[in-house]
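This is what each chain is made of:
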Amino acid sequence: MPAGILDGMGEMESAGTEQNRANTSYDDPEAPWNRKFTEEEFAGWNNGVIAEFRTNDGKVGGDYKEATLLLLTTTGAKSGKQHVVPLGAAYRDTTLYLSSFIEGRYPAWVHNIRATPQVTVELGDKTYQATGRVLEGAEYNEFAAWITVHNPFLAAHQAKVERPVPLVVLILGDEV
């Protein structure tokens with residue numbers, strides 16, 4: 001599923017579909033992260049979002065019309081290949097962070113950042129070299145406490161799963 005705040009999505013309509021109703025809670029069955037999908041449907045959905053993002057300077061329609069998305073390019077921890085995934089950009093003040101609604105495992109992009117922290121971030125119409133850092137220990141605990149107050153969707157997800165949600169900070173470098 002799309003990582004970051006987008007993770008947990010189910011059967012997706014095309015990114016251009018105009019289904020723009022506000023999600024009011026994490027448990028909303030119509031929220032994109034609660035819909036069911038096959039891996040093939042999901043892969044096709046990601047490709048459509050990536051294409052729409054790049055065509056429209058970082059804007060997409062459908063469920064995420066009002067959301068700030070980014071494209072994260074990581075290097076595969078095992079394959080060494082480049083992987084692009086659309087994610088919800090979340091901020092704590094000026095700190096850009098990512099997380100995931102995946103329940104049973106961490107998404108590949110988290111493992112990829114642990115192995116190779118150098119990433120590329122496409123945000124709006126700009127592209128940056130960046131460094132990703134998976135938070136751990138006391139730093140994770142402090143950030144997770146902030147999440148419980150300031151990100152109700154992620155806090156509700158964390159309350160339902162045993163595994164700590166991944167928290168990844170992105171430090172943007174030079175524009176490419």
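Nothing here was measured: the structure is a model prediction, and the numbers come from that model.

Visitor: Please provide a residue-by-residue account of the sheet that holds strand E2 (residues 82-88), values included.
Guide: Here seven strands make up an open sheet; going across it, the order is E2-E1-E5-E6-E7-E4-E3 and the pairing antiparallel. Edge positions in the sheet fall to E2 and strand E3 (90-92), since each has one partner strand and no second. Neighbour to neighbour, the strand axes of the sheet diverge by 40° on average, direction disregarded. Both strand E1 (residues 69-75) and strand E5 (residues 118-123) contribute to a ladder of four bridges, which runs antiparallel. Looking across to E5, one finds that Leu71 is bridged to Glu122.

Visitor: Give me the nonpolar core: which residues, what numbers.
Guide: Core analysis: the largest hydrophobic core is formed by 19 residues, its most contacted members being Leu70, Leu72, Leu98, Trp109, Val121, Val168 and Leu170. Within the residue set of this core, elements represented by two or more residues are E1, E2, strand E4 (95-98), helix H2 (108-115), E5, strand E6 (126-134) and strand E7 (168-175). The residues contacting Leu170, other than those within four sequence positions of it, are Leu70, Leu72, Leu96, Leu98, Val119, Val121, Thr131 and Gly132. Counting residues in each nonpolar core, the second largest holds 13 residues, with Ala90, Phe101, Phe143 and Ala144 among its members.

Visitor: Residues and numbers for helix H3 (residues 137-150), please.
Guide: An α-helix turns once every 3.6 residues. As a result, residues three or four positions apart point the same way. If you check H3, its first and last C-alpha atoms are 20 Å apart, about what 14 residues at 1.5 Å a residue would give, namely 20 Å. Residues Tyr140, Phe143, Ala144, Trp146 and Ile147 constitute the buried set of H3. In a view along the axis of H3, the buried residues occupy a sector of 160°, so they form one face of it. Across from the buried face of H3, at angles greater than 90 degrees, the exposed residues are Ala138, Asn141, Thr148 and Val149. Packed against the buried residues of H3 are E3, E4, helix H4 (152-160) and E7.

Visitor: Give me the lowdown on the packing of aromatic side chains, citing residues and values where you can.
Guide: Tallied over the entire structure, the rule returns three aromatic pairs. Between Tyr97 and Phe143, the ring centres sit 5.1 Å apart and the planes meet at 75°, which makes this aromatic pair edge-to-face. Taken together, the positions of Tyr97 in strand E4 and Phe143 in helix H3 put the pair 46 residues apart, joining distant regions of the chain. Summarising the burial analysis for this pair, Tyr97 and Phe143 share the class buried. Three or more aromatic residues link up through ring pairs in this structure, and these residues are Tyr97, Phe143 and Trp146. When the ring centre of Phe143 is taken as origin, the NZ or CZ atom of Arg92, which lies over that ring, is 4.9 Å away. The ring of Tyr106 carries the charged tip of Arg163 above its face, separated from the ring centre by 4.9 Å.

What counts and what doesn't
- Residues numbered from 1 in each chain as written.
- Predicted model: local features only at pLDDT ≥ 70, side-chain atom pairs only at ≥ 80, totals over all residues.
- Heavy atoms only, no water.
- Pairing = 2+ DSSP bridges.
- Helix = DSSP H or I, 4+ residues; strand = E, 2+ residues; numbered from the N terminus.
- Axes fitted to C-alpha atoms, helices over the stretch in contact; angles between N-to-C directions.
- Core = buried A, V, L, I, M, F, W, Y, C linked by side-chain atoms within 4.5 Å.
- Buried < 20%, exposed > 50% of the residue type's maximum accessible area, 1.4 Å probe, protein only.
- Contact = heavy atoms within 4.5 Å.
- Expected span 1.5 Å × (residues − 1).
- Arc of directions from axis to C-beta.
- Phe/Tyr/Trp six-rings, centres within 6.5 Å; stacked < 30°, edge-to-face > 60°.
- Lys NZ or Arg CZ within 6 Å of the ring centre and 35° of its normal.

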